[in-house]
Amino acid sequence: MKRTAIFPGSFDPFTRGHEDIVLRGIKMFDEIIICIGHNAAKSNRYFDVDMMVKKIEQTFSTHNNISVMVYNELTADLAKRLNANFLLRGLRNTTDFEYENSISQVNRHLYNDLETVFLITSPHLAPISSSIIRDVHRFGGDVSDLIPYKLP
Ligand code: ADP
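Only a predicted model underlies this, so the values are computations on that prediction, with no experimental measurement involved.

## Some details on the sheet that holds strand 3 (residues 66-71)
- Overall, parallel pairing links the five strands, which are arranged 3-2-1-4-5 in an open sheet. Of all strands in the sheet, those with a lone pairing partner are strand 3 and strand 5 (115-120), marking the two edges. Mean inter-strand twist for the sheet, computed between neighbouring axes without regard to direction, equals 30°.
- In this structure, strand 2 (residues 31-37) lies alongside strand 3, joined through six bridges in parallel fashion.

## Details of the environment of Asp-135
- Summarising the element assignment, Asp-135 is placed in helix 5 (residues 130-138).
- Classification of Asp-135 as partly exposed rests on a relative accessible area of 39%.
- Taking C-alpha positions, Asp-135 is 29 Å from Ile-32, a pair spaced 103 residues apart along the chain.

## Quick look at the pairing of strand 1 (residues 4-9)
- Most of strand 1 sits out of view: six of its six residues are buried.
- Burial along strand 1 is two-sided: Thr-4, Ile-6 and Pro-8 and Ala-5, Phe-7 and Gly-9, pointing in opposite directions, are all buried.
- In this structure, strand 1 lies alongside strand 2, joined through six bridges in parallel fashion. The residue of strand 2 that forms the bridge with Ala-5 is Ile-32.
- Where the polypeptide runs from strand 1 across helix 1 (residues 16-25) and back to strand 2, its parallel neighbour, the crossover connection is right-handed.
- Two strands pair when backbone bridges link them, and strand 1 and strand 4 (residues 86-91) are joined in this way by two bridges, in the parallel orientation. Bridge pairing in strand 4 places Ala-5 opposite Phe-86.

Procedures and definitions
- Residues numbered from 1 in each chain as written.
- Predicted model: local features only at pLDDT ≥ 70, side-chain atom pairs only at ≥ 80, totals over all residues.
- Heavy atoms only, no water.
- Pairing = 2+ DSSP bridges.
- Helix = DSSP H or I, 4+ residues; strand = E, 2+ residues; numbered from the N terminus.
- Axes fitted to C-alpha atoms, helices over the stretch in contact; angles between N-to-C directions.
- Buried < 20%, exposed > 50% of the residue type's maximum accessible area, 1.4 Å probe, protein only.
- Right-handed = clockwise from strand over helix to strand, strands pointing away.

Below, the structure is given as structure tokens:
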């Protein structure tokens, strides 16, 4: 059976921390689908979602088993629909753990065949978060070392 994992998140923006989780994850799975959770009607994203799809596609252009999509539904339903039995997430600290612990329990309650797989962050990438990048970018700071592509 093909081992497909979804990697859901806001990815506003996709960071070097996210890239690291995907590149380590693809050693365990046949396919990873990066799923950007986005509700066009209620969007308060900082980075445009279509631009982010393109940038993530460019980042993994040499991997034909890594793809990107946008979704607006329950993550458990999405996984079922995509025939994905694994949900990939990254863990940086205990705050991430507290949050991820409950979500993974709920997701498994909603879809019993969905296993959440956690990868502990690589130490040099632990301080990187999308919210810090947004704050630095908003005030004109240089974020190029924190993301794996160039912003327009
Ligand atoms: P969400 O809004 O769902 O938390 P994010 O886009 O912020 O989505 O993050 C998606 C996933 O990536 C989460 O599991 C998060 O913990 C993980 N992640 C974020 N930054 C890092 C990092 N620097 N190293 C490892 N994992 C990370």
